[in-house]
Amino acid sequence: ESVPIITNFKLAESLSSCRVLVVGAGGIGCELLKNLVLTGFKKIEVIDLDTIDVSNLNRQFLFQKKHVGKSKAQVAKESVLRFCPSANITAYHDSIMNPDYNVEFFRNFQLVMNALDNRAARNHVNRMCLAADIPLIESGTAGYLGQVTVIKKGQTECYECQPKPTQKTFPGCTIRNTPSEPIHCIVWAKYLYNQLFGEEDADQEVSPDTADPEAAWNPADAAARATASNKDGDIKRVSTKEWARSTGYDPVKLFNKLFKDDIMYLLTMDKLWKKRKAPLPLDWTEIHHLEFSQEEACGTGLKDQQVLGVQGYAQLFHRSVETLRSQLIEKGEGAELVWDKDDPPAMDFVTAAANLRMNVFSMNMKSRFDVKSMAGNIIPAIATTNAVIAGLIVLEALKTLNSEFDQCRTVNLQCCSFHTRHTVLKHELHHVLFYLVLFSICFSHLV
Amino acid sequence: MIDTIEKEENIISEEEAAQYDRQIRLWGLDAQKRLRGSRVLLVGLRGLGAEVAKNLILAGVKGLTLLDHEQVTEESRRAQFLIPVDADGQNQAQASLERAQLLNPMVEVKADTDAVGSKPDDFFFQFDAVCLTRCSKDLMVRVDQLCASRNIKVFCGDVFGYHGYMFSDLGQEHHYVEEKPKVVKGSNEANDGPEAKKPKVDPNETTMVKKTVSFCSFKAALEVDWTNEKAKNNLKRIPVDYFLLQVLLKFRTDKGRDPQPDSFAEDSQLLLQIRDDVLETMGLSSELLPNTFVSYCFSEMAPVCAVVGGVLGQELVKALSQRDAPHRNFFFFDGLKGSGVVDYFGSK
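Residues numbered from 1 in each chain as written. Chains lettered and ligands numbered in written order. Predicted model: local features only at pLDDT ≥ 70, side-chain atom pairs only at ≥ 80, totals over all residues. Heavy atoms only, no water.

- Chain B has the name SUMO-activating enzyme subunit 1 in an unreviewed UniProt entry, where Cyprinus carpio is given as its organism.
- The UniProt entry for chain B carries the following comment under Subunit (unreviewed entry): "Heterodimer of SAE1 and UBA2/SAE2. The heterodimer corresponds to the two domains that are encoded on a single polypeptide chain in ubiquitin-activating enzyme E1. Interacts with UBE2I." (UniProt positions renumbered as here; feature names shortened; annotations may be inferred.)

- For chain A, an unreviewed UniProt entry supplies the name SUMO-activating enzyme subunit 2-like and the organism Cyprinus carpio.
- Turning to chain A, the UniProt record has this under Pathway (unreviewed entry): "Protein modification; protein sumoylation."
- Turning to chain A, the UniProt annotation filed under Sequence similarities (unreviewed entry) states: "Belongs to the ubiquitin-activating E1 family."

Rendered as structure tokens:
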């Protein structure tokens, strides 16, 4: 009968000559590299443009605290070699989208495995693998969910065959005039940061939008509003940055313009407030005179998870504007700052500005912790989901390689029974595994 | 109901907040605090054990004791990533200790070189959860009986070649919470305009719902009666892995070890024999578990250890943090098919 399968060791022998590429050395990448060497892969190349951050350490187990700031690909390689010194690993601290990694580069490999976190890179690798005609295993995780897909030219659909949902955007008038959810205020605050301290963008206006179609009682009115000049302050003619410069980035003047004057202007667009709760302007002096309850002590929660009061966010706004102003001055003439969730004054600024706006529009304010999630597009992540998905990736890799290599076939004869299922209809999504840890659900390999 | 968190575990340091940020954003601060107060015993440090150790240490439990009386061999060292290359001959738990500790200095990791069978009853009482790998059926039954009544969560798991399983006994009354979206009450004047004239409730706000679930013992789970009609009718839907597990546990009891590649021929014969005996005793046909199974249950496949270790690790996290519905009570993974199934066996 058929030769029985065997052991890990025999399988390992046939795998030791395969060259594989791992794109990404983060959550999935670390787990994947470990699984690959323990399974018997020897020739592995890994590429990642990123450096190690402390927030990676809860799951990217090849990294320790002392490695923070270093290249992920490089440290991953070193850590793997410690438990498998015979592995032949090449690490690239680089972007896979660098033209050096051309079709010829991809043709060096029998298999490519993605361990990425962004669509641009996935699209790019997808196209390179199609061009080089190399099988690609695609995967992703977020929280408790994960997915693995095999992409083979001529046999399965590719990554871009199915349209993917695009990042959600909001209409300009919602951001500028009629926010109804915290996220609208957070987007506004990020735009404000750019308008004041960063690269000004015409699509990131923060001032009241007089051309808002909802504001007009009749079409002629809309046109009139769009071209009218304003009595106080030339809101439209002067850019936000110019205006701020003219006041020397005075935090109090900035506060009153954004949260009082501009709001009062919005109130004049009365049609907007016929069916909506009207915004309530804030005044710097008034806020500091009123008897607001003292903020509670930090207690047993995270400091960042506290929700402050209006005074607290007003103070935070004041402090962060001063700090960012200093940063600008330090950088010199024509300097622009780039927003980064891990830059404390930048994060403080968005937290404060977004919350003040939420307060103006009668929304419950959010903690810095929550604002950071939304502003920074943070995806929660844990070790176990990545561990499972990386395990499934290697199992798929074994099946994929078996259909490519005759030498593998003789060692793994017993596996052939499920290899015949590889015949596929074109444009049919193949080899998709969904994994849900949270729910008691049977997950199975769709054939 | 839900146990209160002890005072000393109440404060989260800045270092912890920074390191655990991405998981606190998923399961919340309360869950993280409960993890931080938990002590776990992990028995067996081969492929599966190393995966579970990694997952628990990264999650941030208070303490993890690695218990293993076996020595490192070339085979066992190549099966996991915690043992240094020059450690052949050393005790497996001891050899894994240093790298396990480096995964997260905030966890107290200890190594114990005794055989778990030699431990007195009260040894287990210092833990909040116990995870048994590579243990005999009798030992697992004994430890489970001892622990479950004291509200110590019990988990068992193994990987045999391409197959793996996890079993859990969280006691008669396991309390936990689930996060559900808040139902937003209020006027829905759909035709009147986009928003009501009221302060806004964030549509993403959630609320915590308390729940309770009960588990049966490992003994009861393995001693299901298949001779009655109802059980027989359900047979088609039962994962075959359940019977495979019975066979492999019997092999382990009879031979004192798992099937080894070095004695493939002899072990395969024995496996087929045991299959016949076990299924006959249950009043079932040998055809339920076709002969091909013998080829796929030798050694520990690393990716299968990763999958089972990931599920097992996450179930431990859920049980210790008392958050989210636990799998009840078996998880079977078939690495050949790439399929995982959760199913319940035992008294309802």
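**Some thoughts on the packing of helix α13 (residues 344-360) of chain A against helix α14 (residues 368-375) of chain A**
Residues and elements named next belong to chain A.
At step 1: Remark: α13 packs on α14, axes separated minimally by 10 Å, with the N-to-C direction vectors making an angle of 100 degrees. Here α13 is positioned roughly perpendicular relative to α14, judged by the angle of their axes. From α13, P344, M347, D348, V350, T351 and N355 reach across to α14, where they touch R368, V371, K372 and A375.
At step 2: Of the residues in the contact of α13 with α14, the class split is five nonpolar, two polar and three charged. (Axes fitted to C-alpha atoms, helices over the stretch in contact; angles between N-to-C directions. Helix = DSSP H or I, 4+ residues; strand = E, 2+ residues; numbered from the N terminus. Parallel < 35°, antiparallel > 145°, perpendicular 65-115°, else oblique. Contact = heavy atoms within 4.5 Å. Nonpolar A, V, L, I, M, F, W, Y, C, P; charged D, E, K, R; others polar.)

**Section: the sheet that holds strand β4 (residues 129-133) of chain B**
The strands that make up a sheet pair up through hydrogen bonds in the backbone, lying either parallel or antiparallel.
All names here are of chain B.
At step 1: Taken together, the eight strands give an open sheet; going across it, the order is β3-β2-β1-β4-β5-β6-β9-β10, and neighbouring strands pair in mixed fashion. The sheet terminates laterally at β3 (108-112) and β10 (339-343), the two strands that pair on one side only. Strand-to-strand twist across the sheet, computed as the mean angle between neighbouring axes with direction ignored, equals 15 degrees.
At step 2: Strand direction decides the pairing type here: strand β5 (residues 153-160) and strand β6 (residues 163-169), joined by seven bridges, are antiparallel. Each bridged residue has a counterpart across the sheet, and for V154 the counterpart in β6 is D169.
At step 3: Contacting β2 (63-67) and β3, helix α5 (residues 92-103) crosses the sheet at an angle of about 170 degrees to β3. (Pairing = 2+ DSSP bridges.)

**Here's the deal with the nonpolar core**
As a rule of thumb, soluble globular proteins bury nonpolar side chains together.
At step 1: Core analysis: the largest hydrophobic core is formed by 100 residues, its most contacted members being A:L36, A:F41, A:L62, A:M113, B:L64, B:L66 and B:L316.
At step 2: Among all residues touching A:F41, those that are not within four sequence positions of it are A:L15, A:C18, A:V20, A:L36, A:L398 and A:L401.
At step 3: Judged by nonpolar contacts, the second largest core, of 55 residues, contains A:W188, A:F259, A:Y265 and A:F349. (Core = buried A, V, L, I, M, F, W, Y, C linked by side-chain atoms within 4.5 Å. Buried < 20%, exposed > 50% of the residue type's maximum accessible area, 1.4 Å probe, protein only.)

**Looking at the packing of helix α7 (residues 182-197) of chain A against α13(A)**
Residues and elements named next belong to chain A.
At step 1: At their nearest, the axes of α7 and α13 sit 8 Å apart, and the two run at 130 degrees to each other. The angle between the axes of α7 and α13 places the two elements in the oblique class. Classified by chirality, the crossing of α13 by α7 is right-handed. Along its contact with α7, which presents P182, C185, I186, W188, A189, K190, L192, Y193, L196 and F197, the element α13 presents A346, F349, V350, A353, A354, R357 and M358.
At step 2: Grouping the constituent residues of the contact of α7 with α13 by class yields 15 nonpolar, no polar and two charged. (Left-handed = near helix turned anticlockwise from the far one by under 90°.)

**Structural notes on the UniProt feature "active site" (unreviewed entry) in chain A**
Residue and element names in this part refer to chain A.
At step 1: Within this numbering scheme, the UniProt entry marks C173 as carrying the feature "active site" (unreviewed entry).
At step 2: Mapped onto the elements, C173 comes out in helix α6 (residues 172-176).
At step 3: Leave out the neighbours within four places in its chain, and C173 touches T178, D209 and D212.

**Looking at a negative patch on the surface**
All names here are of chain A.
At step 1: Among the surface-exposed residues, E199, E200, D201, D203, E242 and E336 lie close enough to one another that they form a single negatively charged patch.
At step 2: Structurally, D203 can be placed in the loop between α7 and α8 (219-227).
At step 3: Judged by relative accessible area, which is 66%, D203 ranks as exposed. (Patch = residues over 30% accessible without salt bridge, like charges linked within 9 Å, V, L, I, M, F, W, Y side chains within 5 Å. Areas by Shrake-Rupley, 256 points an atom, 1.4 Å probe, with all protein chains shown as cover. Salt bridge = Lys/Arg side-chain N within 4 Å of Asp/Glu carboxyl O. Lys, Arg positive; Asp, Glu negative; His and termini not counted. Charge placed at Lys NZ, Arg CZ, Asp CG, Glu CD.)

**Structural notes on the confidence of the model for chain A**
As a general rule, the predicted coordinates of low-pLDDT regions are not to be interpreted in detail.
Residue and element names in this part refer to chain A.
At step 1: The share of residues in chain A with pLDDT of 70 or more is 81%, and the mean pLDDT across the chain is 84.
At step 2: For the stretch residues 1-8, pLDDT sits under 50, and the model shows 20 contacts to residues farther than four places along the chain or on other chains.
At step 3: Counting interchain partners and residues more than four positions distant, the pLDDT-below-50 stretch residues 405-447 has 110 contacts. (pLDDT = per-residue confidence, 0-100.)

**Thoughts on the pattern of salt bridges**
At step 1: Tallied over the entire structure, the rule returns 44 salt bridges over all chains.
At step 2: B:E108 is paired through a salt bridge with B:R39; the nearest N and O atoms lie 3.2 Å apart. A residue pair is termed long-range when its members are at least 10 positions apart, and B:E108 in strand β3 and B:R39 in strand β1 (residues 39-43) qualify at 69 residues.
At step 3: By relative accessible area, B:R39 is classed as partly exposed at 26%.
At step 4: Measuring nitrogen to oxygen at the nearest pair gives 2.7 Å for the salt bridge that ties B:K119 to B:D114.
At step 5: On the basis of relative accessible area, B:K119 is assigned to the buried category, the value being 9%.
At step 6: Among the ionic contacts, a cluster of salt bridges with common partners joins A:E31, A:K34, B:E51 and B:K54.

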